[in-house]
Amino acid sequence: MKLELNSIKGEKDKWESAGIKLPEYDIDRIRRNSEEAPEWIHFGAGNIFRGFIAGIADKLIGEGKLETGIIATDSFDGEIIEKIYYPYDLLTLSVGLRADGNSDKRVTAGIGDAIVADKDHMDKLKKIAGAPSLKMISFTITEKGYACTDISGNILGFIEKDIENGIDAPSTALGIVTALLYERFISGKYPIALVSMDNCSQNGKKLRDGVKFMADKWAKKGFVPQEFIDYISDENTVSFPWSMIDKITPRPDEGIARELERLGVEDMMPIITGRNTFIAPFVNAEIPQYLVIEDKFPNGRPPLEDAGVYMTDRDTVNKAEKMKVMTCLNPLHTALAVCGCLLGYSRISDEMKDEDLKKLVYKLGEEAMPVVVSPGIISPEAFIKEVLEERLPNPYIPDTPQRIATDTSQKVAIRFGETIKGYLAKNECDNMQIIPFVIAAWFRYLIGLDDKGNEMQLSSDPMMDILKSAMEGIELGKEDNDMSGINWIMNGEDLFGVKLSDAGDMEKKVRDYLGQMLKGAGAVRETLHNLISQ
């Protein structure tokens, strides 16, 4: 069996005998509709899109509630589309991993077309953007995909290049989508919703700010008129709904690829692209998934709620986002990531068998819970219970602390900074014990030595050079380490969104914990054990 249209049509019995569900709708008709009257474009063709968002479209199409597929595009890594989309006829084999070892396997066909977002395909993308039928453009481009300036306020080089080149030759997601909006503007000023589905706080605002930044720069250079700025500034015409997304989607596991091939599905092994994207024809992910979206779509939308999406108002989205990112999942992930790397773990689920680490994340959740505001549609207590008891311990989710540790500098402001602000508002900062330890553990991680004193590879981070410079002079086993570098970081608001020096004895606790973890080999474990035993 091959993940191709001819195979799923002509060898249906083989697929079903292997326990793999197939689409029951007319895929060819859906793809024709997608070309003739496109409704949905998505930027970011990676695993979370293929395993979750495209699956939403697949479900709605299967129920006769959506007549077109999503048009996928990617400006960062077009090789994904060339090597994973086209050779497999735009199909995805989704593998949902249950904690009991069983899995739900299905082929999904919610992708109506795939286009590399580059200069050779801009005309095709512009044609789609100008279609009156288009309702939404969604995004999973990661938080750094919305950045226009660095920590010092300087315009990033690739953004500067797009500003100089104008609407005819953009290369970034922000530049390309702004150019597509201009095409929509000149085609008829049609309404549209731009929906960030990235795992970051106030993602709709980040997207809007990025698009406005690019458009304003273009207007100053005379590339676009003021009327275009007015068009994208009117949220009754061009809206930027906020959202909260949650589904653990690790990189594809070779063991699952071998199991699929054992069942008779050929050519399932993952590849690594030239941009270092680890991807496969299949997506492995956990079963639980959450998507909460602000219901603001000026040109209409698919019935997303029929596929399990929570459609609500901005305030509720914001509360759901804070619940997850401040307390119930993301801070726990970051704690396990940095501590897991230091203690030599390569699986998140194995960390949950370590009594010290397990107690750490339970206590971290308890510490943040007093400042969480329930979104109403989801119970924080039920959510974190599912995370701690089912999701993180799931041994069949091949997630790694090294993956989670990626881009930590971009995450700590919301994962910890917002909780610190909540404690500041209550004047109870001195009650925090676990958060300062996790921050200190991150600083200890940045030294690049594990708890045995061996060198370890640090996960990529856009601020790595700045962070490593702050750690200069800090050495494992050295007494009276110079911590002026981390003092500088803790006294600015750029990283945590708050000055840690304003948060009671937070700054002192971070230095004390870091000092304890620097005493020598085994000091991380000793400091952790002493903390959670209190």
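For clarity, every value in this text was computed on a predicted model and none was experimentally measured.

1. Things to note about the sheet that holds strand 8 (residues 192-196)
On the basis of which strands lie adjacent, the open sheet formed by 6 strands has the order 6-3-2-7-8-9 and parallel pairing. Strands with a single pairing partner mark the edges of an open sheet, and in this sheet they are strand 6 (111-116) and strand 9 (238-239). In this sheet, strand 3 (residues 70-74) lies alongside strand 2 (residues 40-43) in parallel orientation, the contact comprising 3 bridges. If you follow Ile-41 over to strand 3, its bridge partner there is Ile-71. Sheet strands in contact with helix 6 (residues 122-129) are strand 2, strand 3 and strand 6, and its direction is about 135 degrees off that of strand 6. Across the face of the sheet, helix 9 (residues 203-220) comes into contact with strand 7 (136-139) and strand 8 while running at roughly 120 degrees to strand 8.

2. Thoughts on helix 19 (residues 434-445)
Between its first and last C-alpha atoms helix 19 spans 16 Å; for 12 residues at 1.5 Å apiece the expected length is 16 Å, and the two agree. Of all 12 residues in helix 19, 12 are buried; the element is thus mostly enclosed. Three or more residues of helix 19 are buried, namely Ile-434, Ile-435, Pro-436, Phe-437, Val-438, Ile-439, Ala-440, Ala-441, Trp-442, Phe-443, Arg-444 and Tyr-445.

3. A short note on the side chain of Glu-351
Here Glu-351 lies in helix 14 (residues 348-351). Buried within the structure, Glu-351 lacks any salt-bridge partner; its nearest side chain of opposite charge belongs to Arg-525, at an N-O separation of 8.5 Å. When neighbours within four sequence positions are excluded, Glu-351 is seen to be in contact with Leu-336, Cys-339, Gly-340, Tyr-345, Leu-357, Lys-358 and Pro-401.

4. Looking at the environment of Asp-450
Its location among the elements puts Asp-450 in the loop between helix 19 and helix 20 (464-470). On the accessibility criterion, Asp-450 (13% relative accessible area) is buried. The contacts of Asp-450, once residues within four sequence positions are left out, are Cys-341, Leu-342, Arg-444 and Met-456.

5. Observations concerning the sheet that holds strand 13 (residues 282-286)
Read across the sheet, 4 strands follow the order 1-5-4-13 without closing on themselves; strand pairing throughout is mixed. Each having just a single partner strand, strand 1 (20-21) and strand 13 make up the two edges of the open sheet. Two strands pair when backbone bridges link them, and strand 1 and strand 5 (residues 103-108) are joined in this way by 2 bridges, in the parallel orientation. Bridging from a neighbouring strand, Lys-21 pairs with Arg-106 of strand 5.

6. Details of the packing of aromatic side chains
Inspection of every chain in the model, using the stated rule, returns 9 aromatic pairs. Consider the rings of Tyr-290 and Phe-383, whose centres lie 5.0 Å apart with planes at 55 degrees: the pair is tilted. Taken as a pair, Tyr-290 in strand 14 (residues 290-294) and Phe-383 in helix 16 (residues 380-391) lie far apart in primary sequence, 93 residues in all. The pair Tyr-290 / Phe-383 is uniform in exposure class, with both members buried. Seen in terms of ring centroids, Phe-437 and Tyr-513 are 5.7 Å apart; in terms of plane orientation they differ by 85 degrees. Their pairing is edge-to-face. Taken together, the residues span a long stretch of sequence, with Phe-437 in helix 19 and Tyr-513 in helix 22 (residues 506-517) at a distance of 76 residues.

7. Thoughts on helix 16
Residues lying three or four places apart along an α-helix face the same way, a consequence of the helix completing one turn every 3.6 residues. All of the buried residues along helix 16 are Pro-380, Phe-383, Ile-384, Glu-386, Val-387, Leu-388 and Arg-391. Those residues of helix 16 that are buried lie in contact with strand 10 (243-246), strand 13, strand 14, helix 12 (314-328), helix 13 (330-342) and helix 15 (355-368).

8. Structural notes on the pairing of strand 8
Most of strand 8 is tucked away: 5 of the 5 residues are buried. Direction of pairing for strand 7 relative to strand 8: parallel, over a ladder of 4 bridges. Note that in strand 8 the partner of Met-136 across the bridge is Ala-193. By the bridge criterion, 2 bridges tie strand 8 to strand 9 in an arrangement that is parallel. Within strand 9, the position partnered with Ile-192 by the bridge is Val-238.

Reading guide: rules and limits
Per-chain numbering applies: the sequence of each chain, read as written, is numbered from 1 onward. In view of the model being predicted, local features appear only for residues whose pLDDT reaches at least 70, and side-chain atom pairs are presented and counted only at 80 or more, with totals across whole chains, interfaces and linings using the full set of residues. Note that the side-chain values use all heavy atoms of the structure and ignore hydrogens as well as water. Strands pair, by our definition, only if DSSP identifies at least two bridges between them. The helix count covers DSSP runs of H or I at least four residues long, the strand count covers runs of E at least two residues long, and both are numbered beginning at the N terminus. By the convention used here, residues are in contact when the closest approach between their heavy atoms is within 4.5 Å. Angles shown run from 0 to 180 degrees and are taken between the N-to-C directions of axes, each axis being a line fitted to C-alpha atoms and, for helices, limited to the stretch in contact. The span expected for a helix works out to 1.5 Å for each residue beyond the first. Accessible area is worked out with a 1.4 Å probe on protein chains only. A residue is then buried under 20% of its type maximum, exposed over 50%, and partly exposed in between. Under the convention used here, Asp and Glu are negative, Lys and Arg are positive, and both His and the chain ends fall outside the count. Every case where a carboxyl oxygen of Asp or Glu lies within 4 Å of a side-chain nitrogen of Lys or Arg is listed as a salt bridge. Note on ring pairs: Phe, Tyr and Trp rings are taken, using the six-membered ring of Trp, and paired if centres are within 6.5 Å. Classes follow the plane angle, with under 30 degrees stacked, over 60 edge-to-face and the rest tilted.

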